[in-house]
Amino acid sequence: MNIKIENILAVVNDENDYEIKETDIFIKDGIITGIGESENDFISEKIIDGKDKLAIPGLINCHTHTYMSLFRNIADDLAFDEWLFKNIMPREDKLNPEDAYWGAMLACTEMIKTGTTCFLDMHMFKNQTAETAVKSGMRAVISRGLSGEDRNDDGAVRRINEAFDEIERWKDNKRLSFMLAPHAIYTCGTDYIKFIIKKAKEYDISLHTHLSETRYEVSEAKKNYEMTPVEYLDSLGFFEVNTVAAHCVHLEENDFKILKEKHVNVALNPISNMKLGNGFAPVYKMLEKGINICLGTDSAASNNSLNLFSDMNCTALIHKGVNENAQAVNAFEVFKAATINGAKALSLNTGQIKVGKAADLAILNLNCPQFRPKNNIMAALSYSANGSEVETVIIDGEIVMENKKLCFIDEEEVYRNAERIAEKIK
Ligand SMILES: [Zn+2]
C-alpha cells in the first residue's frame, strides 16, 4: 500500500546528528521512498494526518526471549541462581510449543503497543516465534538457543538441527532473518562453541549470545580458562563472525579492546541487570571506545516489561549516576542505541527515517504532558516518554497498529491464553 504521512514532525538522523522537522513521509512497497517530496508517480492509497504527531524509526529490541512473557511477575526479588534454576527453568519444563506461541504473542502485543518494530529473540521452541512474528506483522531476527557439551551430545545435535530446520522453513519470509545462538559459555562446551562458529561461517549467519553477565561467569572463566569470557570466545574465533553479545556488564581493559577491534555489537539490558542484581554495564566507557551499543529488554521474567522506552530511560539516567557525570550517555546516544545501532547489529536496512530504508515507523501522539512543552523532542524520547504515546505502528510499509488498535492481534485472545497457561505452570 502507498502511504503518505502528512505534516508530521519526524526524527531524521544519521550516526552523527539529527534533525527534527515537520515534513511528509512517502512509503511504497515497504520502503520510505520520499521525505518532503515524493516521486512524480506516487499515488497515495492511504493518508495519515500527522498533526501533533511525531514519527520515529521503530525501536529495535536487540535481546529478548519472547516466550518468557508468560513468566512476568512470577519470580521477583530473588538471587540470580534461585531465580533461574529454581523458578524459571522448572516452569519452562512445563511449557509446550503452543504455550510458547502465546507467550511470544503476548510479547509482540506489548512491543508493538510501545513502538518496537523489530526484535532479536533467543528461544527454545522451534517455529513458535516465527509464527508469532508473521501473524503479528513484526520484523524479527530469530535464534534457537543452543546448549550442550560437545557436537555429538544428543541435546546439542537436536538443538542445532532445530535451528537449521527453522531457517530452512522461513527462509523466504522477508521480515524474518536468523542467527545461531550459543546460549552462554557456561551452558556450551568448548567443542560445541567451535562447531557453532564453524556452522555460522559456513552458512554466513551471525551469532547471538549472553556474555559477561555476572561476576560469577567471569570468575569461573578465569578459573577454567585463565581468560575473561570475552577473551575466551575471542580465542575460539567467535568474533570472526558478526556477533550480538547481550549484557557485557563485567568487562576488563583487554575486553574493550577486543569488542572494539572485532566489531562486536553489545546489546545492553540495563533493567534486567539491575533487577537480577548483576550491576551496570560500563556504557560510558564503551561509547568512548567506539563500541556499537544497542538495547534489549531481556525477557519479561527479568525486566518485567518489553517496553523499550523504559530501558532507554534507564540507560540515559543510570550511567550519569554511576559515573557521577551528568554528561555521560546523552539522549541522542540512547535513541541511536534503540534504533540505528540496533539495525546495524542485526544487519537490517532499517532504524532510520531515510529514503531507501525499510518503512518501520512508530507514530506518537504529542498531545500528552510528557511531550509538553515541546522544548526538546530528543530529550523527551529518552527522559520523559513512556511508550503510551505510541498510536500507530508501520512495519515493512504495513500498518500493524492504527490509532492504538492492533490490526493482526486479537488482544483479548492473547490475554485469555496467557491466563490459562499461567494457571497451568503455577
Ligand atoms: Zn537473555
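As the structure is a computational prediction, the values presented were derived from the model and not from experiment.

Asker: Help me understand the overall build of the protein chain, please; the structure alone is not making it clear to me.
Answerer: Counting secondary structure elements, the protein chain contains 15 helices and 17 strands. The C-alpha radius of gyration of the protein chain comes to 21 Å, within 12% of the 22 Å expected for a compact globule of 426 residues. Dimensions of the protein chain, computed from the C-alpha atoms along their principal axes, are close to 60 × 45 × 40 Å. Burial analysis of the protein chain (426 residues in total) assigns 52% to the buried set. Of all intrachain contacts in the protein chain linking residues separated by at least 6 positions in sequence, the fraction that spans at least 24 positions is 73%.

Asker: Would you take a moment to explain helix H5 (residues 190–203) for this structure?
Answerer: Think of an α-helix as turning once every 3.6 residues; residues three or four places apart then point the same way. Taking 1.5 Å of rise per residue, the 14 residues of H5 would be expected to cover 20 Å, and the 20 Å separating its terminal C-alpha atoms lies within 8% of that figure. Contacts from the buried residues of H5 go to strand E8 (139–146), helix H4 (154–170), strand E9 (176–182) and strand E10 (206–211). The positive-phi residue at the C-terminal boundary of H5 is Asp204, with phi of around 55°.

Asker: Got a minute to help me understand the sheet that holds strand E12 (residues 265–268) in this structure?
Answerer: Sheets are built from strands paired through backbone hydrogen bonds, the pairs being either parallel or antiparallel. Strands sit in the order E6-E7-E8-E9-E10-E11-E12-E13 across an open sheet of 8 strands; the sheet is parallel. Both edges of this open sheet fall to strand E6 (59–64) and strand E13 (293–295), since each of them pairs with a single strand only. Between one strand and the next, the sheet's axes are offset by a mean angle of 25°, whatever the strand orientation. Both E12 and E13 contribute to a ladder of 3 bridges, which runs parallel. Its bridge partner being in E13, Ala267 is matched across the sheet by Cys294. Relative to the sheet, helix H12 (residues 331–338) contacts E6, E12 and E13, its axis offset from that of E13 by approximately 70°.

Asker: Explain the nonpolar core here, please?
Answerer: A general tendency of soluble globular proteins is for nonpolar side chains to be buried together. Ala55, Val266 and Ala267 are the most contacted members of the largest nonpolar core, which has 128 residues in total. No other element matches the 10 residues that helix H2 (residues 97–113) contributes to this core. Domain assignment of the residues forming this core places at least three in each of domain 1 (3–58 + 352–406) and domain 2 (59–345). Beyond its immediate stretch of four places on either side in the chain, Ala267 contacts Cys62, His63, Val244, Ala245, Ala246, Cys294, Leu295, Gly296 and Ala345.

Asker: Sorry if this is basic, but what is going on with the pairing of E8 here?
Answerer: In the case of a regular strand, side chains alternate between the two sheet surfaces. By the criterion of burial, E8 is predominantly enclosed, with 8 of the 8 residues buried. One ladder, built from 6 bridges, connects strand E7 (residues 116–123) with E8; its direction is parallel. Within the sheet, the bridge partner assigned to Asp121 lies in E8 and is Ile142. Here E8 pairs with E9 via 5 bridges, running parallel. Each bridged residue has a counterpart across the sheet, and for Ala140 the counterpart in E9 is Leu176. Following the chain from E8 across H4 to the adjacent parallel E9, one finds a crossover that is right-handed.

Asker: What is the right way to look at unusual backbone geometry in this model?
Answerer: The bulk of non-glycine residues show a negative phi, and the bulk of peptide bonds are trans. Here the residue pair Asn303 and Asn304 is connected by a cis peptide bond, since its omega of 5° sits within 30 degrees of zero. Of note, Asn304 is situated in the loop between E13 and helix H11 (308–323). The omega torsion of the bond from Arg372 to Pro373 falls at -10°, within 30 degrees of zero and hence cis. With respect to the element layout, Pro373 can be found in the loop between strand E14 (361–365) and helix H14 (377–384). Despite not being glycine, Asp204 shows a phi value in the positive range, around 55°. Taking the C-beta count within 10 Å as the criterion, Asp204 has 8 such neighbours and is therefore assigned exposed. A positive phi is found at Ser212, a non-glycine position, where the angle reads about 50°. Checked against the element boundaries, Ser212 lands in the loop between E10 and helix H6 (215–225).

Asker: Even after reading the chapter, I still don't get the domain arrangement of the protein chain, so can you show me in this structure?
Answerer: Bring the parts together and some accessible area is lost; that lost area is often taken as the interface size. In terms of domains, the protein chain is made up of domain 1 (3–58 + 352–406) and domain 2 (59–345). The C-alpha centroid of domain 2 is placed 28 Å from the C-alpha centroid of domain 1. The partner domain 2 presents 25 residues to the 24 residues of domain 1 that form the contact. Contributing elements (two or more residues each) for the side of domain 1 that touches domain 2: H14, strand E15 (390–395) and strand E16 (398–402). If you tally residues by element for the side of domain 1 that touches domain 2, the top one is H14, at 5 residues. Looking at the side of domain 1 that touches domain 2 residue by residue, the classes come out as 14 nonpolar, 6 polar and 4 charged.

Asker: Explanation requested: the environment of Asp255 in the structure shown.
Answerer: By the secondary structure assignment, Asp255 is in helix H8 (residues 253–261). Taking C-alpha positions, Asp255 is 7.7 Å from Thr228, a pair spaced 27 residues apart along the chain. Apart from the residues within four sequence positions on either side, Asp255 is in contact with Thr228, Val230 and Glu231.

Asker: Would you take a moment to explain the packing of H11 against H12 for this structure?
Answerer: Packed helices, taken two at a time, are described by the angle their axes make and the gap between the axes. Close contact between H11 and H12 brings their axes to 9 Å; oriented N to C, the two are set at 145°. Read as a crossing pair, H11 and H12 show a hand that is right-handed. The segment H11 lies against H12, with Leu308, Met312, Thr315 and Ala316 engaging Ala331, Val334, Ala337 and Ala338. Across the contact of H11 with H12, the residue classes tally to 7 nonpolar, 1 polar and no charged.

Procedures and definitions
- Residues numbered from 1 in each chain as written.
- Predicted model: local features only at pLDDT ≥ 70, side-chain atom pairs only at ≥ 80, totals over all residues.
- Helix = DSSP H or I, 4+ residues; strand = E, 2+ residues; numbered from the N terminus.
- Rg over C-alpha atoms; globule rule 2.2 N^0.38 Å.
- Buried ≥ 20, exposed ≤ 12 C-beta atoms within 10 Å, placed from the backbone.
- Contact = placed C-beta atoms within 7 Å.
- Expected span 1.5 Å × (residues − 1).
- Pairing = 2+ DSSP bridges.
- Axes fitted to C-alpha atoms, helices over the stretch in contact; angles between N-to-C directions.
- Core = buried A, V, L, I, M, F, W, Y, C linked by C-beta atoms within 7 Å.
- Domains from an automatic or database assignment.
- Right-handed = clockwise from strand over helix to strand, strands pointing away.
- Nonpolar A, V, L, I, M, F, W, Y, C, P; charged D, E, K, R; others polar.
- Left-handed = near helix turned anticlockwise from the far one by under 90°.

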